[in-house]
Every structure is written in C-alpha cells, then in structure tokens.
Amino acid sequence: MLFPYCFGDPDDYGHDAGQAWDCARGSTLGVVNFIAFLYGCFAVYRIAAVYFRTRWYLVNFIMLTLATLQCGLTAWKYNMLREQRLSYTASYLRGLQSILTCSTYGKAACASLNKDSLYFKVLVPLLSGFVMYFSIIFVIALTIEDIPCQHPNWLLMSVSQMCINLIFAIAGFIVMKMLASGAANISRDYTEFLDGEQYEVKQQRRALTLLLVFNASGSFVQVCLDVWLRNVYDQTKDCHYLDSSGDELLRLLMKIFSYDVPVLVTIYVFYWMPRRQFDPELEVVLSDDETLQEIESELLTTW
C-alpha cells in the first residue's frame with residue numbers, strides 16, 4: 001500500500017486532525033528519504049567508479065553506502081510498509097556509521113598526537129564493544145513482532161549513539177585544533193581528502209565542523225525525542241496518538257532534524273565536497289597509467 005500512514009483507523013487518534021497529521025508526517029518523511037535515497041544511490045555509483053579504479057575513497061564509499069541504505073529502509077517504511085523493524089534496522093546502520101566516523105577521526109587524532117598505541121589499545125576495543133552491543137540489541141529487537149515508539153530499545157540505541165558521538169567530538173576537536181594550527185596532515189587513510197594546501201585544509205575543517213555539529217545535535221535531539229515519546233505513551237496508547245497539532249508538528253520537525261539532516265550532511269561531506277576539491281595541476285601516475293586529472297574528470301562532471 002502506498003503511503004500507509006494515510007490509511008489508519010480514525011478511532012486510534014487523539015484529536016480530529018490526528019489522522020491528517022499522521023499522514024502528513026509519514027508522507028513528508030517518506031518523500032524526503034526517497035529523494036535522499038535516489039541521490040545517495042547516484043553518489044555511491046559515482047564514488048564506487050573511482051574507488052574500484054584507484055582504491056581511493058574507501059571510507060567515503062562505505063559511509064555513503066550506509067547513509068543510502070538508511071534512507072532506503074526509512075523510505076520503504078513510510079511509503080510502502082508500516083513496519084517499525086525497518087526503522088530499527090536503519091537506526092542500527094546509523095550506529096555503525098557513527099562508529100566508523102569515530103574510528104576514522106579517532107585514528108587521525110591519535111596519529112596527530114603521536115600516540116598510535118592509544119588507538120589500538122583503547123579506541124579499537126571500545127568501539128568493538130559498541131559494535132557487539134549494537135548488534136545484540138538489534139537482534140533482540142528483530143525478535144519483537146512490534147517495536148512501539150516507547151519501547152526501551154529505542155532509547156538505548158539513541159543514548160548509545162550519543163555516547164559514540166561524544167567520543168567522536170573529543171577526537172574531532174583534537175583534529176580541528178591541529179588543522180587550525182596548520183600542523184595536521186590527514187592522509188587518505190583517514191578522511192580520503194587531499195591535503196597540504198590551504199584550500200584542502202580549509203575543506204577538511206569545514207567537513208569536520210559539519211560532522212561534529214550535526215552528528216552531536218542530531219543525536220541529542222533524537223534522545224530528547226525518545227525520552228518525550230516514552231513519557232507521552234504507555235502500553236494503552238498507540239504511537240500515532242498525540243493530543244494536539246502542535247505536538248505533531250514538533251515531532252515531525254524533531255524527526256527530520258535528528259535523522260534526515262545528518263544523513264544529508266553525510267552525503268554532502270563524503271560525496272559533494274571531495275568531488276569538488278581536486279587540484280587540476282596535480283598529477284599522480286597510477287599503476288595503470290591513469291592520472292589524477294582523469295579521476296578529477298570522473299568526479300567533477302557529476303552533478
């Protein structure tokens with residue numbers, strides 16, 4: 001059924017406009033995520049062409065793939081199938097994406113401090129524990145036939161993601177400080193960005209700032225949303241029941257900001273920015289005699 005949120009039982013809603021708001025929320029989120037999914041597929045296709053030719057941009061490729069899968073699952077839920085496990089799967093992928101981001105910049109931070117052992121002895125075991133933790137609660141959630149919005153697993157997932165983003169923020173601020181001083185030299189092993197020139201360093205700082213701001217704020221808003229819904233709902237109330245149109249609008253805006261905006265920022269940082277920042281004068285001869293200018297053409301002709 002197309003737009004299943006528009007065909008609920010009118011008796012399940014708390015006010016006359018409840019069904020209309022449920023439809024508006026589902027349709028809006030469905031359309032936004034479908035558009036993001038299409039552009040994500042396009043970005044993955046273009047970045048994959050470069051990665052498989054050069055073995056560059058592996059982190060970008062993985063991040064874009066995870067973001068695109070999240071949008072695809074969410075779009076499927078709101079446009080075709082009203083199934084909460086689709087949202088929980090997307091939330092699990094968001095957790096893996098947060099862990100990868102934290103690992104990427106954590107490795108860069110440790111390298112800039114000349115403490116590589118800190119990355120392997122502390123950060124890797126810590127993030128591996130988070131992966132196991134996310135996987136366990138994800139498998140448990142899949143065994144539940146219906147995961148209502150007030151279920152504690154939602155709050156556990158969002159709080160865990162906020163903790164990961166806190167670790168990312170610590171690593172990110174260290175890298176930001178090094179970039180600000182001009183001393184950082186983050187190679188493609190970390191951010192897949194070219195560096196050494198003022199423009200590239202400026203781009204790195206801009207990308208890192210966007211990731212720090214929107215990952216932190218998005219995870220915080222998601223925790224606030226989960227706490228609010230857990231307080232509003234109980235086992236006798238369905239999750240589309242709210243008392244006023246104002247509450248419905250607030251819920252929609254918080255959902256967009258906590259979920260869709262960070263995904264769009266991910267696509268922007270890991271696809272749009274690197275495709276625009278090649279130096280036209282730089283040439284790197286690859287094993288098959290291709291040059292960086294050919295890779296530049298591959299990216300810069302993509303819109």
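Residues numbered from 1 in each chain as written. Predicted model: local features only at pLDDT ≥ 70, side-chain atom pairs only at ≥ 80, totals over all residues. Heavy atoms only, no water.

Draft legend 1. Up close: the confidence of the model for the protein chain. On average, residues of the protein chain score 79 in pLDDT, and 77% of them reach the 70 mark or higher. For the protein chain, per-element mean pLDDT is lowest for helix α8 (residues 292-300), which scores 51, and highest for helix α2 (residues 58-79), which scores 94. When the criterion is pLDDT under 50, residues 183-196 qualifies, and its contacts beyond four places in sequence or with other chains add up to 43 contacts. A low-confidence stretch, residues 277-289 (pLDDT under 50), is modelled with 26 contacts involving residues beyond four sequence positions or located in other chains. (pLDDT = per-residue confidence, 0-100. Helix = DSSP H or I, 4+ residues; strand = E, 2+ residues; numbered from the N terminus. Contact = heavy atoms within 4.5 Å.)

Draft legend 2. Up close: the state of the cysteines. Tallied over the full model, the rule gives one disulfide. Shown here is the disulfide that connects cysteine 6 with cysteine 23, its sulfur atoms set 1.9 Å apart. Residues cysteine 6 and cysteine 23 are joined through a disulfide that is right-handed, its torsion about the S-S bond being 70 degrees. Taken together, the residues cysteine 6 in the segment before α1 (18-54) and cysteine 23 in helix α1 connect sequence positions 17 residues apart. Of all cysteine sulfurs in the structure, the one in cysteine 71 sits closest to cysteine 41, which takes part in no disulfide; the separation is 9.1 Å. Using a relative accessible area of 31% as the deciding quantity, one classes cysteine 41 as partly exposed. (Disulfide = S-S within 2.5 Å. Buried < 20%, exposed > 50% of the residue type's maximum accessible area, 1.4 Å probe, protein only.)

Draft legend 3. Geometry of the packing of helix α3 (residues 84-112) against helix α7 (residues 245-272). It is the contact of α3 with α7, at a shortest axis distance of 12 Å, that shows an interaxial angle of 45 degrees. If you check the angle between α3 and α7, you find them oblique. At the point where α3 passes α7, the crossing takes the left-handed sense. Along the contact surface, α3 presents Ala90, Arg94 and Gln97, while α7 presents Ser258, Tyr259, Pro262, Val263 and Thr266. (Axes fitted to C-alpha atoms, helices over the stretch in contact; angles between N-to-C directions. Parallel < 35°, antiparallel > 145°, perpendicular 65-115°, else oblique. Left-handed = near helix turned anticlockwise from the far one by under 90°.)

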